[in-house]
Amino acid sequence: MDHFNYRNGILHAEDVPLPEIAAEVGTPVYVYSAATLTRHYEVFSEALAGMPHLICFAMKANSNLAVLKLMGSLGAGMDVVSGGEYRRAKAAGVPGERIVFSGVGKTREEMALALEGGIRQFNVESEPELLALDEVARGLGLRAPIAIRVNPDVDAKTHAKIATGKSENKFGIPIARARDVYAEAAALKGIEVVGIDVHIGSQLTELEPFERAFSKVAELTLALRADGHDIRRLDLGGGLGIPYRRANTAPPLPFDYGEVVRRTVGHLGCEIEIEPGRLIAGNAGILLSRVLYLKKGEGRDFLILDGAMNDLVRPAMYEAWHDIVPVIEPAAGGPLAPVDVVGPVCETGDTFARARDLPPLGPGDLLAFRSAGAYGAVMASEYNSRPLVPEVLVSGDQFAVVRARPSFEEMLGRDTIPEWIG
Ligand SMILES: *Cc1c(COP(=O)(O)O)cnc(C)c1O
């Protein structure tokens, strides 16, 4: 459920009519709903009720500081994958003991940054990384709390580009090798083992892969404890999918996911960490865009928007589907006709939807791409020298620009021309 609904025939974000935002901020623009973000966090927290847990928002899905501040104020921790994200978490006021550092390629500088600034745990993804972290921590006279990310060799049944839990993926340590690597970690003076980490992929639409992966983690917990390790935390990653295509998808609910967690690892007495990104932010945001032209082609019509693949890359990158709805509510039962919805960028890949059934639309009309709050603005670029898309946060009847569109002067001012040219 989200808070983007028609009222009196106009699509609103909570209590704010979207045309008002378009008029004030311009288009394209991302619009997020604070009430939806809050609700999604609470749904997860309720799903894990009765088990000690920390919900670490995977900020790679949406790292706007206002969104992070809101999540942090609800009690969320953060899952970060770079020094930049670590700095964002800190800038949003999230304490180090609620920040988990993931990612296959942490640099020594990033390790030192987090060790000095405070960190809940590093999720370590390889032996060379483990050794580097040990060295950095010892150099600082500290011990790095770690979980080792195990690769359970489970098929997440999701898009190939976002599956991470198969042995051929670059992530984690094969679960069969885990005991050896934990033994190695225990012998390192700069390392403190605190738990196990697993993350098998993103946009999962079934619970069965989670169930298989978490069961393997439960078995490993017992084996590692028998080896003498103090396994007190289990980080189960993120990955729960959302219904991008409302008409015909119903991914599992957080409540049922919580039941899987309870059933597979609930008896181990561990603190549970989860790292949802998409499920918290995805349906909490839309991309608002305006129609520039309706171009009649041969056998197909093109609706050309002012938003493009540089603003929302998911369709071009993952063949992703986004529901597209007119901001002015079409008459029920009115005519629909197929159109290709495209942006102005000079690539055929700049296509949001092919032969999408939409009501008649023309220049000036506003459209909303639903489910664009995760992996939307964070992946935006200035390709074709289109200024970075701005972001707006709505709460009730108020809204604020939480990242402004840069001016052309700012955009061009980032380049420098060396004096030895010309
Ligand atoms: C991407 C990622 C997540 C978040 O995945 P979602 O599908 O957005 O929930 C969590 N943990 C790790 C390690 C990730 O790489």
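Here the structure is a predicted model, which is why all the values come from computation and not from measurement.

Let us look at the overall build of the protein chain. A tally of regular secondary structure across the protein chain gives twelve helices and 21 strands. Whereas a compact globule of 422 residues would reach a radius of gyration of roughly 22 Å, the protein chain reaches 23 Å, a difference of no more than 12%. The principal-axis extents of the C-alpha atoms in the protein chain amount to approximately 70 × 60 × 40 Å. When the 422 residues of the protein chain are sorted by exposure, 55% land in the buried category. For the protein chain, the accessible surface area stands at approximately 17800 Å², while carbon and sulfur atoms represent 53% of it. The centroid of the 43 positive side-chain charges in the protein chain is displaced by 2 Å from the centroid of its 56 negative side-chain charges.

All right, on to the site of the ligand then. As a matter of local geometry, the ligand sits amid 15 residues, with Lys 60, Ser 202, Glu 275, Arg 278 and Tyr 375 nearest to it. The separation between a nitrogen atom of the ligand and a polar side-chain atom of Glu 275 is 2.5 Å. When isolated, the ligand has an accessible area of 390 Å², and the protein chains bury 93% of it. Of the residues contributing to the shell around the ligand, the split by class is three nonpolar, seven polar and five charged.

Let's shift gears to the environment of Lys 216. If you trace the backbone, Lys 216 turns up in helix H8 (residues 208-226). Residue class for Lys 216 comes out partly exposed when judged on its relative accessible area of 29%. The spacing of Lys 216 and Val 265 is 49 residues in sequence and 9.6 Å in space, taken between C-alpha atoms. Not counting chain neighbours up to four residues away, the residues in contact with Lys 216 comprise Pro 152, Asp 153, Val 154 and Ile 175.

It is worth spelling out the domain arrangement of the protein chain at this point. Domain boundaries in the protein chain define domain 1 (4-31 + 282-413) and domain 2 (34-280). Put simply, the middle of domain 1 and the middle of domain 2, counted by C-alpha atoms, are 32 Å apart. The interface is formed by 24 residues belonging to domain 1 together with 24 residues belonging to domain 2. Both faces combined, the contact of domain 1 with domain 2 buries some 2200 Å², and carbon together with sulfur accounts for 52% of it. Contact with domain 2 buries surface across domain 1, with Asn 283, Trp 321 and Tyr 375 losing the most and accounting together for 28% of the total. Viewed at the interface, domain 2 and domain 1 are joined by one salt bridge. For the pair domain 1 and domain 2, the number of links is twelve residue pairs in polar contact (both at pLDDT 80 or more). Ranked by residues supplied to the side of domain 1 that touches domain 2, first place goes to strand S20 (residues 391-395) with four residues. When grouped by side-chain class, the residues that make up the side of domain 1 that touches domain 2 number ten nonpolar, seven polar and seven charged.

Residues Gly 83, Glu 85, Tyr 86 and Ala 89 constitute the buried set of helix H4 (residues 83-91). In an axial view of H4, the angular spread of the buried residues amounts to 160 degrees, which keeps them on one side of the axis. Opposite the buried face of H4, by more than 90 degrees, sit the exposed residues Arg 87 and Ala 91. On its buried face, H4 sits against helix H3 (65-74), strand S6 (77-80), strand S7 (99-101) and helix H5 (108-117). Just downstream of H4, Gly 93 is the residue with a positive phi angle, here 85 degrees.

Of the two faces of strand S19 (residues 366-369), the one lined by Leu 366 and Ala 368 and the one lined by Leu 367 and Phe 369 are each fully buried. Two strands pair when backbone bridges link them, and strand S14 (residues 285-296) and S19 are joined in this way by four bridges, in the antiparallel orientation. Pairing of Arg 290 across the sheet is with Leu 366, part of S19. Pairing between strand S16 (residues 324-326) and S19: three bridges, direction antiparallel. Its bridge partner being in S19, Val 325 is matched across the sheet by Ala 368.

Packing of H8 against helix H9 (residues 254-265) brings their axes to within 9 Å, and their N-to-C directions diverge by 25 degrees. When the interaxial angle is binned, H8 and H9 end up roughly parallel. Crossing of H8 over H9 shows right-handed handedness. The segment H8 lies against H9, with Phe 210, Glu 211, Phe 214, Ser 215 and Ala 218 engaging Tyr 257, Val 260, Val 261, Arg 263, Thr 264 and Val 265.

Next up on the list: the side chain of Thr 264. Checked against the element boundaries, Thr 264 lands in helix H9. Judged by its relative accessible area of 6%, Thr 264 falls in the buried class. Here Val 260 takes part through its backbone oxygen, which lies 2.7 Å from a polar atom of the side chain of Thr 264. Setting aside anything within four residues of it in sequence, one finds Thr 264 in contact with Glu 211, Phe 214, Ser 215 and Ala 218.

The tally for this structure, following the rule as stated, stands at seven aromatic pairs. Between Phe 210 and Tyr 257, the aromatic rings sit 5.1 Å apart at their centres with planes inclined by 85 degrees, giving edge-to-face as the arrangement. With Phe 210 in helix H8 and Tyr 257 in helix H9, the pair connects residues that are 47 residues apart, well separated along the chain. Here Phe 210 and Tyr 257 have matching classes, each one buried. For Tyr 257, a relative accessible area of 2% gives the class buried. Connected via pairs of aromatic rings, a cluster forms that spans Phe 44, Phe 210, Phe 214 and Tyr 257.

Definitions and cut-offs
Residues numbered from 1 in each chain as written. Predicted model: local features only at pLDDT ≥ 70, side-chain atom pairs only at ≥ 80, totals over all residues. Heavy atoms only, no water. Helix = DSSP H or I, 4+ residues; strand = E, 2+ residues; numbered from the N terminus. Rg over C-alpha atoms; globule rule 2.2 N^0.38 Å. Buried < 20%, exposed > 50% of the residue type's maximum accessible area, 1.4 Å probe, protein only. Areas by Shrake-Rupley, 256 points an atom, 1.4 Å probe, with all protein chains shown as cover. Lys, Arg positive; Asp, Glu negative; His and termini not counted. Charge placed at Lys NZ, Arg CZ, Asp CG, Glu CD. Near = heavy atom within 4 Å. Polar contact = N/O pair within 3.5 Å; in protein donor to acceptor, adjacent residues only side chain to side chain. Nonpolar A, V, L, I, M, F, W, Y, C, P; charged D, E, K, R; others polar. Contact = heavy atoms within 4.5 Å. Domains from an automatic or database assignment. Buried area = accessible area lost by both parts, 1.4 Å probe. Salt bridge = Lys/Arg side-chain N within 4 Å of Asp/Glu carboxyl O. Arc of directions from axis to C-beta. Pairing = 2+ DSSP bridges. Axes fitted to C-alpha atoms, helices over the stretch in contact; angles between N-to-C directions. Parallel < 35°, antiparallel > 145°, perpendicular 65-115°, else oblique. Left-handed = near helix turned anticlockwise from the far one by under 90°. Phe/Tyr/Trp six-rings, centres within 6.5 Å; stacked < 30°, edge-to-face > 60°.

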